[in-house]
Amino acid sequence: MLWLMKPETVPEKIFVMFLAIALFALVMGIVLAVVDRPRLPKWVPVVGYLGPAVLLITFGLLWPGLLTIKQSFFDHQNIQFVGLDNYVRIFTDTLFLTVLRNTFFWVLIVPIGATVLGLIYAVLVDRTPFEKLAKTLIFLPMAISMVGASIIWKFMYEYKPEGVNQIGLINQIVVMFGGEPQQFLLAPPQNTFMLIIVMIWIQAGFAMTVLSAAIKAIPDEIIEAAKVDGATGMRLFWWVTIPSVRPAIIVVLTTIAMGTLKAFDIVYTMTGGQFDTSVIANEFYTQSFTQDQPNIGAALAVLLFIIVTPIIVYNVRQMRISEGER
Amino acid sequence: MSHDTPRKLTRKEQRDVDSKTRLASPAASLIAVLIAIFWTVPTAGLLITSFRPQADIRRSGWWTVFVDPAFTLDNYGEALQANNMLNSFVNSFIITIPAVIIPIILALLAAYAFAWIDFKGRSILFAAVFALQVIPIQVTLIPLLTQYVQWGLAGTYWTVWLSHTIFGLPLAIFLMHNFMKEIPASLIEAARVDGAGHVRVFFQVLMPLLVPAIASFGIFQFLWVWNDLLVSLTFASTEYSPMTKVIAGLSGSFGSKWYLLSAGAFISMLVPMIVFLSLQRYFVRGLLAGGVKG
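Residues numbered from 1 in each chain as written. Chains lettered and ligands numbered in written order. Predicted model: local features only at pLDDT ≥ 70, side-chain atom pairs only at ≥ 80, totals over all residues. Heavy atoms only, no water.

Which residues make up the overall build of chain A, and what values do they have?
On a plain count of helices and strands, chain A comes out with 15 helices and zero strands. A compact globule built from 326 residues would reach a C-alpha radius of gyration of about 20 Å, whereas chain A, at 25 Å, exceeds it by more than 25%. Dimensions of chain A, computed from C-alpha atoms along their principal axes, come out at roughly 70 × 60 × 50 Å. Within chain A, the fraction of its 326 residues that count as buried is 54%. When contacts within chain A are restricted to residue pairs at least 6 apart in sequence, long-range pairs at least 24 apart make up 64% of them. (Helix = DSSP H or I, 4+ residues; strand = E, 2+ residues; numbered from the N terminus. Rg over C-alpha atoms; globule rule 2.2 N^0.38 Å. Buried < 20%, exposed > 50% of the residue type's maximum accessible area, 1.4 Å probe, protein only. Contact = heavy atoms within 4.5 Å.)

Lay out helix 4 (residues 74-81) of chain B in plain terms, naming residues and giving numbers.
All names here are of chain B. Where helix 4 is concerned, the buried positions are N75, Y76 and A79. With its buried residues spanning 95° around the axis, helix 4 presents them on a single face. Those residues of helix 4 that are exposed and angled more than 90 degrees off the buried face are D74 and Q81. Close packing links the buried residues of helix 4 with helix 2 (26-50), helix 3 (54-59), helix 5 (85-116) and helix 14 (258-278). (Arc of directions from axis to C-beta.)

Mind laying out a nonpolar patch on the surface, listing which residues take part and the relevant values?
Where nonpolar side chains cluster on the molecular surface, the patch consists of F104(A), L108(A), I112(A), V116(A), I120(A) and I31(B) and spans about 510 Å² of accessible area. Per element, the largest residue contribution to the nonpolar patch is five residues, and it comes from helix 5 (residues 94-125) of chain A. Note that F104(A) resides in helix 5. (Patch = residues over 30% accessible without salt bridge, like charges linked within 9 Å, V, L, I, M, F, W, Y side chains within 5 Å. Areas by Shrake-Rupley, 256 points an atom, 1.4 Å probe, with all protein chains shown as cover. Salt bridge = Lys/Arg side-chain N within 4 Å of Asp/Glu carboxyl O.)

Can you break down the domain arrangement of chain B residue by residue, with the values?
Residue and element names in this part refer to chain B. You can read the domains of chain B as domain 1 (11-74) and domain 2 (79-288). For domain 1 and domain 2, the distance between their C-alpha centroids amounts to 32 Å. Each partner contributes to the interface: domain 1 provides seven residues, whereas domain 2 provides six residues. Of all residues in domain 1, L46, S50 and Q54 give up the largest surface area on contact with domain 2, accounting jointly for 56% of the area buried on that side. (Domains from an automatic or database assignment. Buried area = accessible area lost by both parts, 1.4 Å probe.)

Got a sec to walk through the packing of helix 5 of chain B against helix 6 (residues 122-131) of chain B? Specific residues and values, please.
All names here are of chain B. Two elements in contact, helix 5 and helix 6, have axes whose closest approach is 10 Å; the angle formed by their N-to-C orientations is 140°. Taken together, the axis directions place helix 5 and helix 6 in an arrangement best described as oblique. Between helix 5 and helix 6 the crossing geometry is left-handed. Every residue of helix 6 that contacts helix 5 at A113, F114, A115 and W116 is listed here: R122, L125, F126 and V129. Grouping the amino acids of the contact of helix 5 with helix 6 by side-chain chemistry returns seven nonpolar, no polar and one charged. (Axes fitted to C-alpha atoms, helices over the stretch in contact; angles between N-to-C directions. Parallel < 35°, antiparallel > 145°, perpendicular 65-115°, else oblique. Left-handed = near helix turned anticlockwise from the far one by under 90°. Nonpolar A, V, L, I, M, F, W, Y, C, P; charged D, E, K, R; others polar.)

Give a detailed account of the nonpolar core, specifying residues and quantitative values.
Ranked by size, the top nonpolar core spans 202 residues in total, and within it W106(A), I266(A), Y112(B), F167(B), I173(B), M180(B) and L206(B) carry the most contacts. Take this core: its biggest share by element is 19 residues, from helix 5 of chain B. Excluding residues within four positions of it along the chain, Y112(B) makes contact with Y49(A), I117(B), M180(B), R192(B), H198(B), V201(B), F202(B) and L206(B). (Core = buried A, V, L, I, M, F, W, Y, C linked by side-chain atoms within 4.5 Å.)

Outline the confidence of the model for chain B, listing residues and values.
Residues and elements named next belong to chain B. Looking at chain B, the pLDDT average stands at 83 and 88% of residues meet or exceed 70. Averaged pLDDT values for the elements of chain B fall to 53 in helix 1 (residues 11-23) and rise to 92 in helix 12 (residues 230-235). With pLDDT under 50 throughout, residues 1-7 is counted as low confidence; its partners more than four residues away or in other chains account for nine contacts. (pLDDT = per-residue confidence, 0-100.)

So what about the side chain of D126(A)? Which residues, and what values?
All names here are of chain A. As for its position among the elements, D126 is in the loop between helix 5 and helix 6 (131-139). The class for D126 is buried, based on a relative accessible area of 3%. For D126, the side chain forms a polar contact with the side chain of K216, separated by 2.7 Å. (Polar contact = N/O pair within 3.5 Å; in protein donor to acceptor, adjacent residues only side chain to side chain.)

Go over helix 5 of chain A, please, and point to the residues and values.
All names here are of chain A. Between its first and last C-alpha, helix 5 extends 46 Å over 32 residues, near the 46 Å set by a 1.5 Å rise per residue. The opening residue of helix 5, the one whose side-chain oxygen lies 3.0 Å from the backbone nitrogen of L95, is D93. One or two residues past the end of helix 5 sits R127, with phi positive at roughly 55°. (Expected span 1.5 Å × (residues − 1).)

Provide a residue-level description of the domain arrangement of chain A, including the pertinent values.
Split by domain assignment, chain A resolves into domain 1 (2-71) and domain 2 (88-325). Just the C-alpha atoms count here: the centres of domain 1 of chain A and domain 2 of chain A sit 36 Å apart.

Kindly report on the interface of chain A and chain B, identifying the contributing residues and their values.
In this complex, chain A contributes 108 residues to the contact, which on the side of chain B involves 114 residues. Buried surface at the junction of chain A and chain B, both sides included, amounts to about 10000 Å², of which 76% is carbon and sulfur. Inspection of the chain A/chain B interface yields zero salt bridges. Taken together, the connections running from chain A to chain B amount to 15 residue pairs in polar contact (both at pLDDT 80 or more). Top element by residues in the side of chain A that touches chain B is helix 3 (residues 43-71) of chain A. It accounts for 17 residues. Considering only residue class, the side of chain A that touches chain B consists of 74 nonpolar, 17 polar and 17 charged.

An account of the side chain of H177(B) is requested, with residue identities and associated values reported.
Residue and element names in this part refer to chain B. Examined against the element boundaries, H177 turns out to sit in helix 8 (residues 157-181). On the basis of relative accessibility, which here comes to 10%, the residue H177 falls in the buried class. Look past the residues within four positions of H177 in its chain and what remains in contact with it is A111, F114, A115 and F126.

So, unusual backbone geometry: which residues are in play, and what are the values?
Residue and element names in this part refer to chain A. In the segment running from P188 into P189, the intervening peptide bond is cis, with an omega of 0°. Summarising the element assignment, P189 is placed in the loop between helix 8 (169-176) and helix 9 (190-216). Here F275, not a glycine, exhibits a phi torsion of approximately 55°, which is positive. Within the secondary structure layout, F275 lies in the loop between helix 13 (265-270) and helix 14 (280-290). Overall, F275 belongs to the partly exposed group, its relative accessible area being 37%. Located in the positive-phi region is D292, a residue other than glycine, with phi close to 55°. On the accessibility criterion, D292 (54% relative accessible area) is exposed.

Now, about the environment of D36(A): what can you tell me, with residues and values included?
Note on placement: D36(A) falls in the loop between helix 2 (10-35) and helix 3. Of the residues examined, D36(A) reaches a relative accessible area of 27% and is grouped as partly exposed. C-alpha separation for the pair D36(A) and L100(A), spaced 64 residues apart in sequence, amounts to 53 Å. Apart from residues no more than four positions distant in its own chain, D36(A) is found in contact with G197(B), H198(B) and V199(B).

The following block contains the structure:
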């Protein structure tokens, strides 16, 4: 039975994978067969259909969430109650203050940057002959992993000392214009902004897609009326397009803000959180798994949860409005 | 110009005519092209690099290939042998396939109950499941890991599958429910009058209509799991690690081994790119239906 837990060869691994799927199918099949018999009380099918999902969510999201909240009020061994000490440390220690500051920059700049670029691009390529290709180019970074995007950009920022051929494009451009090559990822606070660029690069495609759909949904009559009134170009954009897609813009801003808060991959891959580049999502990992301070990690995770919640509530409200208008 | 356009033109044609005037502005075209370049060049640079001989990568920038072309496949060969990359490529598939199939089925069943079985507390329970999307997975990791260790399952595929399934469920249920609600109630009523039970209604009436919805969420979950780093860092042992984790590790330890990193990164990116480009239509549909996960 051991190899079911620890398969070693590739065929064993593939077999275990199919076994897992088959096992799952079998269990679900039995559940459905049992609850589908006629003349059972009405709650039986409800339990059969909903039960597995609700059980898993309770076990894997709800319960651990509560445990983490509890842990955030205890010491690192989870024995001694320490009240708000962990939170106080986060808001007083210079290390964590830097983390909070960086997170603030991320969550402020990424949504705005990605939305502005996505909106401009969506308007510019709207109904041009090459619209589909143009959109795919911007969209593609969404398909690749943040790890992949981080590698791509780390190479863009690559540094070689002065006098040697540069292999990173950005330093090559700097040198071409007579500047000195720079270690973009080492010097705070600029390195945080270098990482932020990567996140904007990933998220702009999402903004563009949603906003493009919103722009296409603007009724012709509105645009016609504006044109009759003499609005063209920039004025049409400012006074007609933007107000018309406002709910969609807010949905995009808030969605990207949530994604940005939770994203940890870029920082982990590009700097490992060193050189003052850490953000909450990354510091959570460092404290929990490498610094052996799960209490601080728990407090950081809860903090993340507290920051994300109002954004989501607002996002859902706007989504409703936006859907009503569509 | 738009007033004297004949009424016969459809909406779309009318707008096509209008838009021509807009892009005529050279400044606008220039900005669009600049953005497109900024979004393409970084990827192209690393892709070209992955095909250059090792010594060249260290000595000169990838842009020099346009004057002095030299290409090789050696990097890919070495990357697959080095650091268990091939093994992790297999792991990526083994982790991803069940972690996409299982939540889809669970979510379909749950969404069916939420949409088409009337029971007490339905809307409250649905709201609760929806609200649980708020929970950042960071909040759950340590207690889950502790639990897995107690079960003696820590580090195996089983915990990685289970975790991805759980994390995908709230969004999956929400999306499937939205799509399922759009199916006309009369179809389901008619089947029930004919004496069909839940299972028959589900498989014979609903499933065929839900293929686009399943495709939408399937792509999300596929990209999410394939591209995930945090879950595999936390739960997968080295032997069962996917490509993302191995590449992130390489980035830290061999920052300058670009021949390995570039080739490895593209091996890992190839699969999601293929999935994405071939199923883009469904992806966009899901995105517009509110399917975004942080």
